[in-house]
Amino acid sequence: MKKRLRAYRQTHGLSGEDELPFVLLPSRIDLYNSADNTDDLIAEIKHWGSTFSVKLELVVIDTWATATPGANENDGKDVSVILERCARISQATGAAVLIVHHKNADGVKVRGHTSILANLENVLLVRQVEGMHDADNRQIREAVISKNKDGEDGQTFRFVLKQVQLGVDGDLDPITSCVIARTNGDGSDAPVPERAQISDSDGMLIRAIEKATSENGTKPPVGTGLPQSLRVVEWKLVIKAYDSIAFDADGSEGETDEAKEKRLNARRQAMKRSGERLVRKGLIAKENPWVWLTGKPIKGMRRDRPPVDEEPQDQSQTVGNSMPAGPDFDEPWGVD
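What you are looking at is a predicted structure, and each value in this text was computed from that prediction instead of being measured.

### A short note on the pairing of strand S1 (residues 58-62)
Burial along S1 is one-sided: the face carrying Val59 and Ile61 is buried and the face carrying Leu58, Val60 and Asp62 is not. Bridge analysis of S1 against strand S2 (residues 96-100) gives five bridges, and the strand direction is parallel. Residue Ile61 lies in a different strand from S2, and its bridge partner there is Ile99.

### Some thoughts on the packing of helix H2 (residues 35-50) against helix H4 (residues 76-93)
H4 packs onto H2 with a crossing angle of 30° between their chain directions and a minimal axis gap of 10 Å. Classified by the angle between their axes, H2 and H4 sit roughly parallel to one another. With respect to the hand of their crossing, H2 and H4 are arranged in right-handed fashion. Listed contacts from H4 to Ala35, Thr38, Asp39, Leu41, Ile42, Ile45 and Lys46 of H2 are Arg85, Arg88, Ile89, Ala92 and Thr93. In the contact of H2 with H4, the residues fall into six nonpolar, two polar and four charged.

### Let's talk about the sheet that holds strand S8 (residues 284-287)
Read from one edge to the other, the open sheet built from three strands follows the order S7-S9-S8, with strand pairing classed as antiparallel. Bordering the open sheet on either side are strand S7 (233-234) and S8, each of which pairs with just one other strand. In this structure, S8 lies alongside strand S9 (residues 290-293), joined through four bridges in antiparallel fashion. What sits directly across from Lys286, in S9, is Val291. In the packing of helix H6 (residues 200-216) onto the sheet, the strands contacted are S7, S8 and S9, and the crossing angle to S9 comes to about 105°.

### Regarding the nonpolar core
Counting residues in hydrophobic clusters, the biggest one holds 23 residues, and the most contacted among them are Leu205 and Val238. Sequence-distant contacts of Leu205, that is, excluding residues within four places in its chain, are made with Trp235, Val238, Tyr242, Met271, Ser274, Gly275 and Leu278. Judged by nonpolar contacts, the second largest core, of 18 residues, contains Trp64, Cys86, Ala95 and Ile116.

### So, unusual backbone geometry
In this chain, Asp62 is followed by Thr63 through a cis amide linkage whose omega measures 0°. With respect to the element layout, Thr63 can be found in the loop between S1 and helix H3 (64-67). At the junction of Asn288 and Pro289, the peptide bond is cis and its omega measures out at 0° in the coordinates. In this structure, Pro289 sits in the loop between S8 and S9. The phi dihedral of Asn137 is positive, around 60°, even though this residue is not glycine. Considering the arrangement of structural elements, one finds Asn137 in the loop between strand S3 (122-133) and strand S4 (139-148).

Rules of the game
- Residues numbered from 1 in each chain as written.
- Predicted model: local features only at pLDDT ≥ 70, side-chain atom pairs only at ≥ 80, totals over all residues.
- Heavy atoms only, no water.
- Buried < 20%, exposed > 50% of the residue type's maximum accessible area, 1.4 Å probe, protein only.
- Helix = DSSP H or I, 4+ residues; strand = E, 2+ residues; numbered from the N terminus.
- Pairing = 2+ DSSP bridges.
- Axes fitted to C-alpha atoms, helices over the stretch in contact; angles between N-to-C directions.
- Parallel < 35°, antiparallel > 145°, perpendicular 65-115°, else oblique.
- Left-handed = near helix turned anticlockwise from the far one by under 90°.
- Contact = heavy atoms within 4.5 Å.
- Nonpolar A, V, L, I, M, F, W, Y, C, P; charged D, E, K, R; others polar.
- Core = buried A, V, L, I, M, F, W, Y, C linked by side-chain atoms within 4.5 Å.

This is how it looks when you write it as structure tokens:
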């Protein structure tokens, strides 16, 4: 959950100081054996709700089985006790209560007694849409309103899980999480168009170039001979972007000089290897000290529209191939 929250903040441009009216209560609760436990939970929810600058709207209990130790979900009496206590939470806090529950082993129906669904006001079914992917080749999922006491049921919201890179670990392996995102297009079950496949480490350099270009990209200086439709960025700024992506998770704070040198050497070699591979694949191109994305599609990564007046064509065949074979990503690119 901590990584999910970091991914949410990063995706929506929120810093650690920005208010996010969400609190995770990791302690185990018991909505079956003791009414006192429910009272304690209500008091806890009210306390945290009072710290928000907005009205408390939703309490999520994840999952039914975890929050009801000893209860028989196939026994109507046990189910009634639990639902009554959930109703108490809603009435006392003024928030909706959402209970996460699972389907049976066959995935055909919701587990447990029929009163679990019969006594609820609304039911959302979340599932994968088998065989369907969006334009970025991401599995499409959907939330379906299968029951709506005071409205129309059957409405559907489709979404994907977008991967977010939070940083790297000590071995420079990516640390990732995900956020909910809208699908890119309506979805299709047709074969996915051929896209270049890259490793996570190479993908990190792509993201660093994207970040540096977004923040400091420019048209090529006059005299370079490069098309003015390109958006280029200096390599040294890519390094800063690379480090900013990795910094929060690489344990660099308080490190010794020896550990810092080791980390910088590892970063230097990782960027050098990734840069050389990506140029060979035609995904990036360079002309010292400039580097840019060619626009060639990459498997699993969405290529956003370049921030220029005129959208460039795939430059991998025009200027990318003009780069010398065996590109060198050491000095004078200033990798330190």
